[in-house]
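Residues per chain are reported as follows:
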Amino acid sequence: MTNHKRPPASVLFIFGGSGDLNYRKLTPALYNLFLDDYMPEKFEIAGIGRSAYTIDAYHEHLKDGITKFSRRKGEENGHWDNFSKNVTYLQMDAEDQTAYSVITDLVKAKEAEWGVHPNVIFYLAVAPQLVPAIATKLGSLNLCSDKACTRIVIEKPFGHDLQSAHDLNTLLGRMFSEEQIYRIDHYLGKETVQNIIALRFANALFEPVWNRNFIDHIQITASETVGLEGRGGYYENSGALRDMVQNHILQILCMVAMEAPVSFDANEIRNKKVDVLNAIRPFAKEKVHENAVRGQYSKGWREGKPVPGYREEKGVNPESATDTYAAVKFFIDNWRWQGVPIYVRTGKHLHQKATNITLQFRPAPHFAFPAESGETWRPNRLTISIQPEMDIRLRFQAKRPGQSMMLEPVEMVFNFDAQFGDQHAPEAYETLLLDVMEGDATLFMRADQVEAAWKVVMPILETWENRPPVDFPNYAPDSWGPEEADAMIARDNHSWINLPK
Ligand SMILES: NC(=O)C1=CN([C@@H]2O[C@H](COP(=O)(O)OP(=O)(O)OC[C@H]3O[C@@H](n4cnc5c(N)ncnc54)[C@H](OP(=O)(O)O)[C@@H]3O)[C@@H](O)[C@H]2O)C=CC1
Ligand SMILES: O=C1O[C@H](COP(=O)(O)O)[C@@H](O)[C@H](O)[C@H]1O
């Protein structure tokens, strides 16, 4: 028996139903929502692709993905039959307008069967080049003018640069109103990312010190130990700055730096975030090299096994100039953050998988203790670990037990798993898919947000594109990235904070 509201009846069309994202993320997320009683009482999921599948083969394929990739690891597959009877497959070429009648037919059939007009959700889990064609064809169906019930979900990447993102927004705007468009950034669905808002705005403790008067600098790290994982074709045209900084990292930065919202209304939250993006100091192109560092991994070793260099990966140009690492120093020009550097970095094949945010506080204004007591003195730090560790740590000085006043840095830790158990935290895609079915766009990117984020990175991208790197490859797998990134932060008398594994 469910004790929460469930979304209204919904028909969900997944373009890319035969693809990797649906296999690894979307269907496992939908199945978990089903197990947790969050799916609508009446729902139909239609995967779409050109590949041929019998319905049984399609179900087997999806079940295999759940067994391998669901947070529940398929241990509750006993409910699969009840779920999969609502899952169908439509073999169609999405570039063929005449094929789209199957979509309207299915919606009509479900409306007649259920006796209610359902939500109609189009999830575009396809390569970005296909998005304009599909959106245009959907636009010519009778379904899209229903602003209350019809929604379109667009996967990343949203555009390749500011101009293409703007063009895509314009095109989508011809067929759908802004409230119907859900631009996914899966980081916003992560529990620990959403918790930044709770930490900041549900507690009176932090807000008074959350500003330039107390904070010395901020670091955001999103490091990965994996390489391309078969996505060379995509990544070669993207790179770390486009793939991670323009979207995930800037969104995290917005949540750390935004002003307090007055309500949880989607537009209120998004307004506050876009204010941050608009306040990020634009880079003069001649200053880019002082504030941004790019890297590319060479061949090397990880845990005793050889790792091919980026330029040797499938789908990659042997002389590629694509960045697999990016580090940038940002400033936010507003009253709260004036003068506080925000260092961000991300990269493939780094030493550790870790996404975390550290706010380092200014030193205490006067050190009254005997000089020798402060040998191990360290500045206060608040560290928010997003993944794989999910915790928040506050570092402060304590008196070491004994007859003399010796100080020692210690930590207070809140750990999600220890507090709430590790079994039932929903995955990002569960949260985001549920939000789409419920019509809540708070965790999705509005058109102006996406474009503002592109504006932030464009001077770096343009400078890098006009000035090919001379030193690539410039970092080894299993390292912390190029030395130049260490030098960039060292010029400000700081160093990158690498948390212990
Ligand atoms: N995979 C991932 O982990 C992530 C993916 N994404 C994004 O999701 C999107 C999809 O990625 P991914 O699933 O990896 O890609 P895949 O290449 O695995 O899947 C592409 C899908 O598009 C379908 N498709 C291609 N052309 C047509 C067509 N003409 N008509 C109908 N269907 C078509 C393919 O079906 P068929 O071949 O059967 O026609 C397939 O289902 C991309 O934008 C990607 O950037 C974002 C984050 C993570
Ligand atoms: O969007 C992307 O994110 C993943 C990292 O996601 P995470 O949830 O595992 O942190 C990244 O590997 C991929 O290149 C990028 O497209």
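Please read these numbers as outputs of a predicted model, since none were measured by experiment. (Residues numbered from 1 in each chain as written. Chains lettered and ligands numbered in written order. Predicted model: local features only at pLDDT ≥ 70, side-chain atom pairs only at ≥ 80, totals over all residues.)

Honestly, the nonpolar core in this entry has me stumped. Any pointers?
Soluble globular proteins tend to pack their nonpolar side chains together in the buried interior. If you look at the biggest cluster of nonpolar residues, it comprises 120 residues, and the most contacted ones within it are Phe 13, Phe 15, Tyr 123 and Leu 124. The element contributing the most residues to this core is helix 9 (residues 240-257), with eleven residues. Among the domains, domain 1 (10-155) and domain 2 (188-490) are the pair contributing at least three residues each to this core. Those residues in contact with Phe 15, other than ones at most four positions away along the chain, are Ile 48, Ala 94, Phe 122, Tyr 123, Leu 124, Ala 125, Val 126 and Ile 134. (Core = buried A, V, L, I, M, F, W, Y, C linked by C-beta atoms within 7 Å. Buried ≥ 20, exposed ≤ 12 C-beta atoms within 10 Å, placed from the backbone. Helix = DSSP H or I, 4+ residues; strand = E, 2+ residues; numbered from the N terminus. Domains from an automatic or database assignment. Contact = placed C-beta atoms within 7 Å.)

Sorry, what's going on with the sheet that holds strand 2 (residues 43-49) here?
The pairing of strands in a sheet happens through backbone hydrogen bonds and is either parallel or antiparallel. Strand order in the open sheet formed by six strands is 3-2-1-4-5-6, and the pairing between neighbours is parallel. With one partner strand each, in any of the chains shown, strand 3 (87-91) and strand 6 (181-183) form the two edges of the open sheet. Strand-to-strand twist of the sheet, defined as the mean angle between neighbouring strand axes without regard to direction, takes the value 20°. Sheet topology places strand 2 next to strand 3; five bridges connect them, and they run parallel. In the strand pairing of strand 3, Ile 45 is matched with Val 87. (Pairing = 2+ DSSP bridges. Axes fitted to C-alpha atoms, helices over the stretch in contact; angles between N-to-C directions.)

Would you mind showing me how to read the sheet that holds strand 15 (residues 391-400) here?
Read across the sheet, eight strands follow the order 8-11-12-7-13-14-15-16 without closing on themselves; strand pairing throughout is mixed. Of all the strands in the sheet, just strand 8 (292-295) and strand 16 (406-415) have a single pairing partner and so form its edges. Pairs of neighbouring strands in the sheet enclose a mean axial angle of 15°, with direction left out of account. Relative to strand 11 (residues 325-330), strand 8 is paired through four bridges, and the arrangement is antiparallel. Note on strand 11: the bridge partner recorded for Arg 294 is Ala 326.

Even after reading the chapter, I still don't get the site of ligand 1, so can you show me in this structure?
In the vicinity of ligand 1 there are 24 residues, among which Gly 19, Gly 49, Arg 50, Ser 51 and Ala 94 approach most closely. The set of elements that each furnish at least two residues to the shell around ligand 1 consists of helix 1 (20-35) and strand 2. At three residues, helix 1 tops the list of elements feeding residues into the shell around ligand 1. (Near = placed C-beta within 6 Å.)

So what exactly am I meant to see when it comes to helix 5 (residues 131-139) here?
It helps to recall that an α-helix has 3.6 residues per turn; residues three or four apart then point in one direction. Those residues of helix 5 lying buried are Val 131, Ile 134, Ala 135 and Leu 138. One side of helix 5 carries all its buried residues, which in axial view fall inside an arc of 95°. (Arc of directions from axis to C-beta.)

Whenever I open this one, the domain arrangement of the protein confuses me. Can you help?
Under the domain assignment, the protein is made up of domain 1 (10-155) and domain 2 (188-490). Computed over C-alpha atoms only, the centres of domain 1 and domain 2 are separated by 33 Å. Contact residues are listed per partner, giving 14 residues for domain 1 and eight residues for domain 2. Elements with a minimum of two residues in the side of domain 1 that touches domain 2: helix 1, strand 4 (119-124) and strand 5 (150-154). Here the side of domain 1 that touches domain 2 takes six residues from helix 1, the largest share from any one element.

Got a minute to help me understand the site of ligand 2 in this structure?
Near ligand 2 you find Lys 156, Glu 224, Asp 243 and Thr 355, and these make up its full shell. Looking at the shell around ligand 2, its residues break down into no nonpolar, one polar and three charged. (Nonpolar A, V, L, I, M, F, W, Y, C, P; charged D, E, K, R; others polar.)

Sorry, what's going on with unusual backbone geometry here?
Following Gln 387, the chain continues into Pro 388 via a peptide bond in cis, with omega recorded as -10°. As for its position among the elements, Pro 388 is in the loop between strand 14 (381-387) and strand 15. The peptide bond linking Phe 472 to Pro 473 adopts the cis configuration, its omega dihedral lying at -10°. Note on placement: Pro 473 falls in the loop between helix 14 (447-466) and helix 15 (483-490). The backbone of Glu 229 shows a phi angle near 50°, a positive value even though the residue is not glycine. The topology assignment puts Glu 229 in the loop between strand 7 (215-223) and helix 8 (232-236). Classification of Glu 229 as exposed rests on a count of 11 C-beta atoms within 10 Å. At Asp 478, a residue that is not glycine, the phi angle is positive and equals roughly 75°.

I tried to follow the pairing of strand 15 on my own but got confused; where do I start?
Regular strands show a simple pattern: their side chains alternate between the two faces of the sheet. Sheet topology note: the strand 14/strand 15 ladder contains five bridges and is antiparallel. When the sheet's bridge partners are listed, Thr 383 is paired in strand 15 with Arg 393. Between strand 14 and strand 15, which follow one another and run antiparallel, lie three residues. Inspection of the sheet shows strand 15 paired to strand 16 by ten bridges, in the antiparallel sense. Counterpart to Lys 399 in the pairing with strand 16 is Leu 407. Here strand 15 hands over to strand 16 after five residues, with Gly 402 in that stretch at a positive phi of 150°.

Quick question: what am I supposed to make of the packing of helix 7 (residues 191-201) against helix 9 here?
When two helices pack together, you describe them by how their axes are tilted relative to each other and by the distance separating the axes. Across the interface, helix 7 lies against helix 9 with an axial gap of 9 Å and an inter-helix angle of 20°. One way to sum up the angle between helix 7 and helix 9 is to call them roughly parallel. Helix 7 and helix 9 meet at a crossing whose hand is left-handed. The segment helix 7 lies against helix 9, with Val 193, Ile 196 and Ile 197 engaging Ile 252, Met 255 and Val 256. Of the residues belonging to the contact of helix 7 with helix 9, the class tally is six nonpolar, no polar and no charged. (Parallel < 35°, antiparallel > 145°, perpendicular 65-115°, else oblique. Left-handed = near helix turned anticlockwise from the far one by under 90°.)

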